[in-house]
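Structural features, examined
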Protein chains: 4
Amino acid sequence: MKNPIDPNYKIRVQESFKLQTVMATLSAELILVEAGKVQIQLPFNDTLTQQNGFLHAGIVTTIVDSACGYAAYTLMPADSQVLTVEFKTNFLAPASGDYFIATGQVIRSGRTLTVCQGDVVAYTGDTEKQIALMQATLIALKSD
Amino acid sequence: MKNPIDPNYKIRVQESFKLQTVMATLSAELILVEAGKVQIQLPFNDTLTQQNGFLHAGIVTTIVDSACGYAAYTLMPADSQVLTVEFKTNFLAPASGDYFIATGQVIRSGRTLTVCQGDVVAYTGDTEKQIALMQATLIALKSD
Amino acid sequence: MKNPIDPNYKIRVQESFKLQTVMATLSAELILVEAGKVQIQLPFNDTLTQQNGFLHAGIVTTIVDSACGYAAYTLMPADSQVLTVEFKTNFLAPASGDYFIATGQVIRSGRTLTVCQGDVVAYTGDTEKQIALMQATLIALKSD
Amino acid sequence: MKNPIDPNYKIRVQESFKLQTVMATLSAELILVEAGKVQIQLPFNDTLTQQNGFLHAGIVTTIVDSACGYAAYTLMPADSQVLTVEFKTNFLAPASGDYFIATGQVIRSGRTLTVCQGDVVAYTGDTEKQIALMQATLIALKSD
């Protein structure tokens, strides 16, 4: 576990997550907030698919982007905001499953920029498979 | 305009687009299908935002990923399927606006892999601004 | 052409380029410096290849990274330094040819971060082909 | 350790590495070849720098690209070739040090495409720091 500057990072992340209306719209839930690591869970939903009935790559990306963004945010100062500069995602297998867990982890936390790795694992009954891998750059901005 | 192998590429793209349930869920519409170029339009929707009220980066990515995927698909054989191998997106400005248009264009079309560039422009009244830039790799698979 | 803050941007780029010892080592030359656009030329050299005798992807990346970095640098203030935050490169065709020209262009120039697109074209006799496509993020730092 | 199809993968990688003339030019050495994992070591060299005297990002990329490519190649069939489709690299700290070790590891190995993660660590006296992080896509081609 990394060393957070702001001891109240958990509450700060939870409150920001509630403001992301897209998370409620997708029924995504914040299931883990540690210093430098965040997990988001998403149930499969057949209104969010691509043409073959798999979860759309953009929806997979939505939850792992938020997981990476909030992982970065846990290590930022209390008066900061986090924005995604860019990310790159590889899709490793079709996004089928009962539910999905996206994990974001901080690799390097700088004053301005943070680099995170993220992945998404699909769960079907007792089996799991990794379906996506992300490398992301986040920026800390001063809150107004 | 590039040279399509399949003269019926437009219908093929339109039918596949209808199968992407996430597009109807987001109210996204296919507004242009040319050989090597596809555009998708999305109205702003405050149930799809991140914590500052801007469209979530993952939703922006969803429409430009589909635009790139279908741009690639216009140049693939009739009996093929298209899947996203990976993409990288830079976010250039906050995703605020009345509506958004994502454009995907083929840069290089190979037998197996296609490389596309995509971008997303936000429209607010009479003004427009580019908010995202994507570089994506797509793969053609034989249909079953 | 974009609007440079520093009217002496050309000299600033040329002097920085001379400090990149790797450019002389590779025999790469700076052939164009405009506000927001830079080109670097590299002759083919069979001491810089991968296993099939093509220019190594990392060497192709070296010249287009510098082209993007210096394109960004043309629009930065006189007292700034430029560093590469990250880049993503697609390789479109084998890097064979007599010589190569890398072009870097600014897509969005911000106070802290700049986003560039780059490409590399290979020239063989009278023919040319695009061999690489880059999307890069650069950061402006204050000089000491 | 992953399961290689070709028991002679080590020799195959070593022989291909010798054909990469750029590796000898840079004085890079292959120091580890396991199924799914390859390491390459590079001494610092002041003829390979950018403008601040750090190793150029493209040279850092050259060794980690080869490490990822050969990691992928260890798991490919005996009669295949490996090419880089694309990669994305984040630069985490300035590339200063006595020497550098690039590690490439296979995350997912498919029949056509392989996804790898790579990183580069700089060593200075007794200290080490991670300076780069790569996510790469490789393709297996049939040898002629």
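The preceding data block contains the structure.
Conventions used here
- Residues numbered from 1 in each chain as written.
- Chains lettered and ligands numbered in written order.
- Predicted model: local features only at pLDDT ≥ 70, side-chain atom pairs only at ≥ 80, totals over all residues.
- Heavy atoms only, no water.
- Helix = DSSP H or I, 4+ residues; strand = E, 2+ residues; numbered from the N terminus.
- Rg over C-alpha atoms; globule rule 2.2 N^0.38 Å.
- Areas by Shrake-Rupley, 256 points an atom, 1.4 Å probe, with all protein chains shown as cover.
- Buried < 20%, exposed > 50% of the residue type's maximum accessible area, 1.4 Å probe, protein only.
- Arc of directions from axis to C-beta.
- Contact = heavy atoms within 4.5 Å.
- Buried area = accessible area lost by both parts, 1.4 Å probe.
- Salt bridge = Lys/Arg side-chain N within 4 Å of Asp/Glu carboxyl O.
- Polar contact = N/O pair within 3.5 Å; in protein donor to acceptor, adjacent residues only side chain to side chain.

Each helix and strand in chain A was counted, giving 3 helices and 6 strands. Secondary structure elements of chain A occur, N-terminal to C-terminal, as α-α-β-β-α-β-β-β-β. Relative to the 2.2 N^0.38 estimate, which gives 15 Å for 144 residues, the radius of gyration of chain A is 15 Å and therefore close to what a compact globule would have. By its C-alpha atoms, chain A is 45 × 25 × 25 Å across when sized along the principal axes. With the model as given, the accessible surface of chain A reaches about 5,700 Å², and the carbon-plus-sulfur share is 49%.

Turning next to helix H1 (residues 9–19) of chain B. Residues and elements named next belong to chain B. Listing the buried residues of H1 in full gives Tyr9, Arg12, Val13, Ser16 and Phe17. All buried residues of H1 lie within an arc of 130 degrees about the axis, which places them on one face of the element. The elements touched by buried residues of H1 are helix H2 (21–26), strand E1 (29–34), strand E2 (37–43), helix H3 (57–74) and strand E3 (80–91).

Below, the discussion takes up the interface of chain D and chain C. Between chain D and chain C, the contact holds 34 residues from the first and 34 residues from the second. Taken over both partners, the interface formed by chain D and chain C buries close to 2,700 Å², and the fraction arising from carbon and sulfur atoms is 50%. Contact with chain C buries surface across chain D, with Gln51, His56 and Phe87 of chain D losing the most and accounting together for 22% of the total. Our count for the chain D to chain C interface comes out at 2 salt bridges. Here Glu86 of chain C ties to Lys88 of chain D by a salt bridge, and the two come within 2.7 Å at their closest N and O atoms. Run the count over chain D and chain C and you get 28 residue pairs in polar contact (both at pLDDT 80 or more).

So yeah, pure geometry; function would need other evidence.
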